[in-house]
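# A structural walkthrough
The primary structure of each chain is shown beneath.
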Amino acid sequence: MAKTQHTPRSAIRGLPKCPTGIQGLDEITGGGLPRGRPTLVCGAAGSGKTLLALEFLVRGATDYHEPGVFMAFEETADELAKNVASLGFDLPALIRRKQLYIDYVHVERSEIEETGEYDLEGLFIRLGHAIDSIGAKRVVLDAVESLFAALPNMLVLRAELRRLFRWLKDKGVTVIMTAEQGSGTLTRHDLEEYVSDCVVRLDHRVADQVSTRRLRIVKYRGSVHGTNEYPFLINERGFLVLPITSLGLQHPASTERISTGIARLDTMLGGRGYFRGSTVLVSGTAGTGKTSLAAYFADAACRRGERGLYFAFEESMDQITRNMRSIGLNLQPWLDKGRLQFHASRPTLGLEQHLATMDKMIDTFRPHVVVIDPITNFVSVGEVTAAKSMLMRLVDALKLRQITTLCTSLTSADGALEHTPVGISSLMDTWLLLRDLELNGERNRGLYILKSRGMAHSNQIREVLLTDHGIELVDVDLGPGGVLTGSARLAQAAHERDEGAARQQEVGRKQRDLERKRAALEAQIAVLRAEYKREAEGVQDSVAELQQREQRTQLDRAEMTRQRKADKAPAVRRAPRVHAKGGRQ
Amino acid sequence: MSMPRRRVSTSAPRSGRRSARSAERWDLRLYVAGQTPRSLAAFANLKQLCESHLAGKYHIEVIDLVKNPQLARGDQIVAIPTLVRRLPPPLSKIIGDLSNTERVLVGLQLRARQ
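Residues numbered from 1 in each chain as written. Chains lettered and ligands numbered in written order. Predicted model: local features only at pLDDT ≥ 70, side-chain atom pairs only at ≥ 80, totals over all residues.

All right, on to the overall build of chain A then. Counting its regular elements, chain A contains 17 helices and 25 strands. Within chain A, the fraction of its 585 residues that count as buried is 43%. (Helix = DSSP H or I, 4+ residues; strand = E, 2+ residues; numbered from the N terminus. Buried ≥ 20, exposed ≤ 12 C-beta atoms within 10 Å, placed from the backbone.)

A word on the interface of chain A and chain B. With 22 residues of chain A at the contact, the number on the chain B side is 30 residues. Those elements that provide at least two residues to the side of chain A that touches chain B are strand E6 (112-114) and helix H6 (121-134) of chain A. In terms of residue count, the dominant contributor to the side of chain A that touches chain B is H6 of chain A (seven residues). Considered class by class, the residues forming the side of chain A that touches chain B number eight nonpolar, six polar and eight charged. (Contact = placed C-beta atoms within 7 Å. Nonpolar A, V, L, I, M, F, W, Y, C, P; charged D, E, K, R; others polar.)

Over its 14 residues, H6 of chain A extends 20 Å from the first C-alpha to the last, a length consistent with the 20 Å expected when each residue adds 1.5 Å. Among the residues of H6 of chain A, Glu121, Gly122, Leu123, Phe124, Ile125, Arg126, Leu127, Ala130 and Ile131 of chain A are the ones counted as buried. Check the buried side of H6 of chain A and you find it contacts strand E4 (68-72), strand E5 (100-104), strand E7 (138-142) and helix H8 (154-171) of chain A together with strand E2 (26-32) and strand E4 (82-87) of chain B. One or two residues past the end of H6 of chain A sits Gly135 of chain A, with phi positive at roughly 65 degrees. (Expected span 1.5 Å × (residues − 1).)

Once that is clear, we can look at the sheet that holds strand E19 (residues 404-410) of chain A. Residues and elements named next belong to chain A. The strand order across the open sheet built from nine strands is E17-E16-E18-E19-E15-E20-E21-E22-E23, with neighbouring strands paired in mixed fashion. Here the strands that pair on one side only, and so sit at the sheet edges, are strand E17 (340-344) and strand E23 (470-475). Within the sheet, the average angular offset between the axes of one strand and its neighbour, ignoring direction, is 25 degrees. One ladder, built from six bridges, connects strand E22 (residues 462-467) with E23; its direction is antiparallel. When the sheet's bridge partners are listed, Val464 is paired in E23 with Leu473. Contacting strand E15 (279-284), strand E16 (308-312), E17, strand E18 (369-373), E19, strand E20 (430-439), E22 and E23, helix H10 (residues 290-303) crosses the sheet at an angle of about 165 degrees to E18. (Pairing = 2+ DSSP bridges. Axes fitted to C-alpha atoms, helices over the stretch in contact; angles between N-to-C directions.)

Here we come to the nonpolar core. Core analysis: the largest hydrophobic core is formed by 160 residues, its most contacted members being Met71, Val139, Val140, Phe297, Ala298 and Val371 of chain A together with Leu30 of chain B. Looking at this core, the element that brings in the most residues is H10 of chain A, giving nine residues. Residues lining this core come from more than one domain, with at least three contributed by each of domain 1 (8-241) and domain 2 (257-475) of chain A. Sequence-distant contacts of Val371 of chain A, defined by excluding residues within four places in its chain, comprise Ala294, Phe297, Ala298, Gly308, Tyr310, Phe311 and Leu406 of chain A. (Core = buried A, V, L, I, M, F, W, Y, C linked by C-beta atoms within 7 Å. Domains from an automatic or database assignment.)

This part is about the confidence of the model for chain A. Residues and elements named next belong to chain A. Of all residues in chain A, 86% attain a pLDDT of 70 or more, and the chain-wide mean is 82. Contacts for the low-pLDDT stretch residues 1-13, under 50 throughout, to residues beyond four places or in other chains number 27 contacts. Ignoring residues within four places in sequence, the model shows residues 580-585, a span with pLDDT below 50, making three contacts including any to other chains. (pLDDT = per-residue confidence, 0-100.)

All names here are of chain A. Relative to the elements of secondary structure, Asp396 occurs in helix H15 (residues 384-400). Note on Asp396: 21 C-beta atoms within 10 Å, which makes it buried. With 117 residues separating them in the primary sequence, Asp396 and Thr279 have C-alpha atoms 9.7 Å apart.

The next thing to look at is unusual backbone geometry. Residue and element names in this part refer to chain B. The residue after Ile80, namely Pro81, is reached through a cis peptide bond having omega -5 degrees. Considering the arrangement of structural elements, one finds Pro81 in the loop between strand E3 (58-64) and E4. Here Pro89 and Pro90 are connected by a cis peptide whose omega angle stands at 0 degrees. With respect to the helices and strands, the residue Pro90 is situated in the loop between E4 and strand E5 (92-95). You will see that Gln76, though not glycine, has its phi angle at about 55 degrees, which is positive. In this structure, Gln76 sits in the loop between E3 and E4. What makes Gln76 partly exposed here is the crowd of 19 C-beta atoms within 10 Å.

All names here are of chain A. A rise of 1.5 Å per residue sets the reference length of helix H13 (residues 351-365), with its 15 residues, at 21 Å; its end C-alpha atoms lie 21 Å apart and thus fit the reference within 8%. Within the sequence span of H13, burial applies to Leu351, Glu352, His354, Leu355, Ala356, Met358, Asp359 and Ile362. Positive phi shows up at Arg366, right after H13, with a value of about 50 degrees.

Written out as structure tokens, the structure is:
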């Protein structure tokens, strides 16, 4: 990825550069070595000079279509090929494809007798022939100083070397000359006097029983360059100068959101989870569920059909998968399908080695999400500043590739919870804090979002429950004494339940009372009705009796009148029948 | 004076005494780069020296690397001119224009080192 990166530095300089293709070196040189000019690479024995030079040619041939000539003064072509085969450099194949030409120049002092004047035209011819036969654009002269041991005449040799570099410049090839470091000088034979454009110095030192290789651009005429000593590694892929990427903030920012693997946590993060390509820090004290959160995050990625890479620095893969099964998370299918990859190791190696390993794995596996569990362990390896700078580079490298990263960080129980040991929180986009909530003699897990850049997020503390069917986030209770979790929360809930039940009972009782009252009243009504009915019947009876009696009285009176032959009396009108009868009379 | 293109041989025809005298057969190779004065001088010096010390049993092959640059690898040629004693063994190389006859003879092991 470093190859396609261009730092702005290189753009503003007119000096044409020849990219080395070596990870990291092009960044600190602002695009590569001076094109068409020689560069001196010096350093002690075993510092990696030959490898750097050889990789320059191999990368040039494979990545930039620039064939190269390697003129070896110390090792034969076979030896070279064997030495770098483990780095994946197939020199014989490159030679067959005419992308590489190796010429082993060997001058045996004991076989040589000097008689009269001579020059090194033979060397020129060999080099010229090599360059022309494959159209080389790059040339390496490895350990050219061995000529000093082989040839007796220093004056001739120096004059010829000067002529050689001038000749190479005329040829327009980019040259690396390697030379052994002298005591107090850059090179043993002051070869730096021939190469004035660019000098790179390699160093290999041991401090605290940890060996570190370092590289420094001593000089780079006409170009801005990094002046620090940069650590470098020789790993399975070759040379690697750190920083892998320059610390540029040029990574794209995605608006895509991806799930955290826990629905409730998604909800807390504006309902949609993390931003893709963001960096998430999960910090917390021991046993707060950091790894579980991380595993769910990886699982969610695999569910989406993406690839996840899990760097475990404290537990083995088996241990993590077993433990996750206990909370209802089976990672095995993803491992089988190749969507999930674990890399478990103890961080005993140097920081740079780690970074390099991780970088390589990321490059080959091309994951969508990465878990680093925990980042805290890096601090145990190196100094805090070194760890921070390493993580910064790692975070940058990951962001550049749009990889969403979740890092866990162990905070010590007695320290401030928000103190991350490497002070890396500023590198993180989202920070979830897991903390113990101690109350009433028990300890529960609480989670809250300390920050989440660029999205609305919940400010609530949630209790984390690790159940046998997964992680659950539940609301905490805000009791009178503060946040309630665990059994206190359950007790509160029970209490509320009891109260509710009591209220329910009360309602029931009142309803029943009312019902009873209604029934009683209705019974009374029925009695009254019955009474009324009785009374009404009584009244009717007496009315009928009275009417009968009246009739009889009328009849009696009429009988009496008839018998007395009395005349019409007006008073009889009240009894029409009687009147009528009387009218007929 | 000009230099022969490729081979100068003053040895007698190889058939006949070859088996008996093969140990004394001198096979020399002179590497030059173009017809420079130094190359011409080297060839002249060599020729003269061979005639006086190895008459009849030497064979000089002149290789012009300007014309055949690929041949420089085989004998590990760096300096020009270089004279290679291929036979009799051991292989030895003498660099320079061969103007110092004493040292050429030492280099060819025709004279003990002083």
